[in-house]
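Each chain is listed here by its residues.
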Amino acid sequence: MFNLKVIDRYILRELLWPYLGGMFGFMVVISIDPMIYAMKNIINSETRGIEPISVVKWFMYSLANDMIFTFPMAMLLSALIVFGRFSKDSETTALKAGGISFFRLCYPVMAFAALSTIFAFLFGEFIVPYSISRSNQIKRTEILKLLPIMGQENIYIKDSPDRTIHVERADNINNILTNVVISEYDHKTDKLKRRIFAKTGRFVNGKWRFSDGVIMEYDRDMVARKTDEFSVRTIDINERPKDFKRDETTHQEMSMRVLREKIRYAYDHGLTDVTGLLVEFYTKTSIPFACFIFGVIGAALGTSNNRSGAFIGFGISIIIIFIYYVMFSIAKSLGKNGMLPPLMAAWIQNIVFLAASVMLAMRVRN
């Protein structure tokens, strides 16, 4: 009888080095495009006044966005190589003859995949948003030499289900709003019932003070009548100065916590267009979970193909990941366009590949 604990430790140890090698190899592949961009900027650094160190920093930070895919890719490659070698050296046959099934051999693979999934999730939650934010900041300020935005114009905010705010211009430095229009609607009929016009708005001591304004009331026939004029008036609205700054943060720069807050904010303010945020939110979990699926696929393919050496395994992994990424990109696009539910858009490629992994595992068992 075989000692299962010894076998489990043996498989875990064998998975480690191909996994690390796969991470490095796939990182080299994904770094080709940003490396070309970085080299172009380094070559032209003198004429454009760009510091080469800035380009290097941008390159290092920019890798994190695609690195999240290297975890399932490395898991697939390591399982494929290890189980391919087991099959080639007849170790799998010997273990099966000793009463150890293929599914039992997958236990250490699943344990390794669980660690990979946890690490991939933490990497995507904490490292990726920060790295993307830094790479975008370096690109804007140190490479493209773009000036910071001092003010923004024509901002429209739905403050609540029954109130909207339009601002002609928002001063991002002094937190001053210019030419503000606050429109309030009847909850039952959705008809305009009151509108407040103010020349300026300032945020003072946690409250908005509006100046040089007038309040207009509207009857059922939408006929307006002026009810009040004011020089300075405090009006309670839900927004803070940061809410009048257009959010230039991309979804990739947001963690699940930040995405959850933005989704909750949208729901609380009666906004309905949160489909893109929901797709990104569910994607944060779907990609790390692919480590489990690719672990089983790699083990099954490696067992059924005793010629899966490192180079062949790398090539097979590239093909499988390419198919996965194409499905992922298409489903994500359909989800953001409302053609697929957000959860399905983020997970459909996992469902398809999970079904494929089960079929491959059943075939190897038989």
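Residues numbered from 1 in each chain as written. Predicted model: local features only at pLDDT ≥ 70, side-chain atom pairs only at ≥ 80, totals over all residues. Heavy atoms only, no water.

With that settled, the discussion passes to a nonpolar patch on the surface. The grouping of Ile319, Phe322, Ile323, Val326 and Ile330 at the surface amounts to a nonpolar patch, some 480 Å² of accessible area in total. The class for phenylalanine 322 is exposed, based on a relative accessible area of 56%. (Patch = residues over 30% accessible without salt bridge, like charges linked within 9 Å, V, L, I, M, F, W, Y side chains within 5 Å. Areas by Shrake-Rupley, 256 points an atom, 1.4 Å probe, with all protein chains shown as cover. Salt bridge = Lys/Arg side-chain N within 4 Å of Asp/Glu carboxyl O. Buried < 20%, exposed > 50% of the residue type's maximum accessible area, 1.4 Å probe, protein only.)

As a further point, take the pattern of salt bridges. Within this structure, the stated rule accounts for 12 salt bridges. Among the ionic pairs, glutamate 14 bridges to arginine 85, the shortest N-O distance being 2.8 Å. In this pair, glutamate 14 is assigned in helix 1 (residues 4-30) and arginine 85 in helix 6 (residues 70-88), connecting sequence segments 71 residues apart. On the basis of relative accessibility, which here comes to 23%, the residue glutamate 14 falls in the partly exposed class. For arginine 85, a relative accessible area of 29% gives the class partly exposed. Aspartate 228 serves as the salt-bridge partner of arginine 233, at 2.5 Å between the closest nitrogen and oxygen. Judged by relative accessible area, which is 27%, aspartate 228 ranks as partly exposed. One salt-bridge network, in which partners are shared between bridges, spans Asp159, Arg163, Glu184 and Arg194. (Helix = DSSP H or I, 4+ residues; strand = E, 2+ residues; numbered from the N terminus.)

An α-helical turn contains 3.6 residues, so a residue and the one three or four places further along point in the same direction. In a regular helix each residue adds 1.5 Å, so 19 residues correspond to 27 Å; helix 6 covers 26 Å between its end C-alpha atoms and thus fits that length. Looking one or two places after helix 6, you find serine 90, whose phi comes out positive at around 65°. (Expected span 1.5 Å × (residues − 1).)

These values are about where atoms sit, not about what they do.
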